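Below, each chain spelled out in residue letters.
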Amino acid sequence: AVIGVAELLGSSSIALFADRIGIKRAILMGFMAASLAFGIIPTLGANALVGALAGLFAVFLTFEFSIVALISLCTEVVASSRATMMALFFAAGGIGRVGGAASGALIWQAWGMTGVSITSATLNLMAFLALVVVEGCVGRLAGFFAVVFVFQKMDRDILHAVVGLGEEKVEG
């Protein structure tokens, strides 16, 4: 329920903020906040349920905020090709999901939660940098959105894979 509430709040809060602060600024703020949320997870205590739930809440809130804002930007960039941009956007998300799910368990086994958090925060920062650096290069927009969405989806699905591992350890 905590993750669902966080996703709902993150998705819907973009309606409150995007027009006021600008869509690009909202995305950048979301990326930075998500990076921070991923980064603090290891400091919340390995066995502290409340801390873990608070960390997951922050991650999913900021992640959803960023993604919904990014969808808005994606549809505005090439107005004559909205369907193509959306298709590329979600195809890139699929690549990110596969990469995140595949690498999450490996990262967890090698470096634990700290490694997962650092990897996820780094991927979010890379998405942030992609948005800042590629601005104005219209010919590379599709590739840019693919990179950003792959990084964003990958970091979240790394965490999903790890949460799944934790559930298996509790049950087994």
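Residues numbered from 1 in each chain as written. Predicted model: local features only at pLDDT ≥ 70, side-chain atom pairs only at ≥ 80, totals over all residues. Heavy atoms only, no water.

Q: Requested: an account of the packing of helix H3 (residues 49–77) against helix H4 (residues 82–133), with residues and values cited.
A: Contact geometry of H3 with H4 gives a least axis separation of 9 Å together with a crossing angle of 150°. The orientation of H3 relative to H4 falls into the category roughly antiparallel. Between H3 and H4 the crossing geometry is right-handed. On H4, the residues that touch Ile67, Leu70, Ile71, Leu73, Cys74 and Thr75 of H3 are Arg82, Met85, Met86, Phe89, Phe90 and Leu131. Its residues placed into classes, the contact of H3 with H4 shows ten nonpolar, one polar and one charged. (Axes fitted to C-alpha atoms, helices over the stretch in contact; angles between N-to-C directions. Helix = DSSP H or I, 4+ residues; strand = E, 2+ residues; numbered from the N terminus. Parallel < 35°, antiparallel > 145°, perpendicular 65-115°, else oblique. Left-handed = near helix turned anticlockwise from the far one by under 90°. Contact = heavy atoms within 4.5 Å. Nonpolar A, V, L, I, M, F, W, Y, C, P; charged D, E, K, R; others polar.)

Q: So, the nonpolar core: which residues are in play, and what are the values?
A: Core analysis: the biggest nonpolar cluster contains 17 residues, and Ile14, Ile23, Ile27, Phe31 and Leu131 have the highest contact counts within it. Contributions of two or more residues to this core are made by helix H1 (2–21), helix H2 (23–40), H3 and H4. In this structure isoleucine 27 touches Ser66, Ala69, Leu70, Leu73 and Leu131, once residues within four positions along its chain are discounted. Of all hydrophobic cores here, the second largest spans eight residues; its members include Ala37, Phe38, Leu56 and Phe60. (Core = buried A, V, L, I, M, F, W, Y, C linked by side-chain atoms within 4.5 Å. Buried < 20%, exposed > 50% of the residue type's maximum accessible area, 1.4 Å probe, protein only.)

Q: Give me the confidence of the model for the protein chain: which residues, what numbers.
A: Chain-level pLDDT for the protein chain is 76 on average; 76% of the residues reach the 70-or-more range. This model gives residues 165–172 a pLDDT under 50, and the stretch forms three contacts once residues within four places in sequence are excluded. (pLDDT = per-residue confidence, 0-100.)

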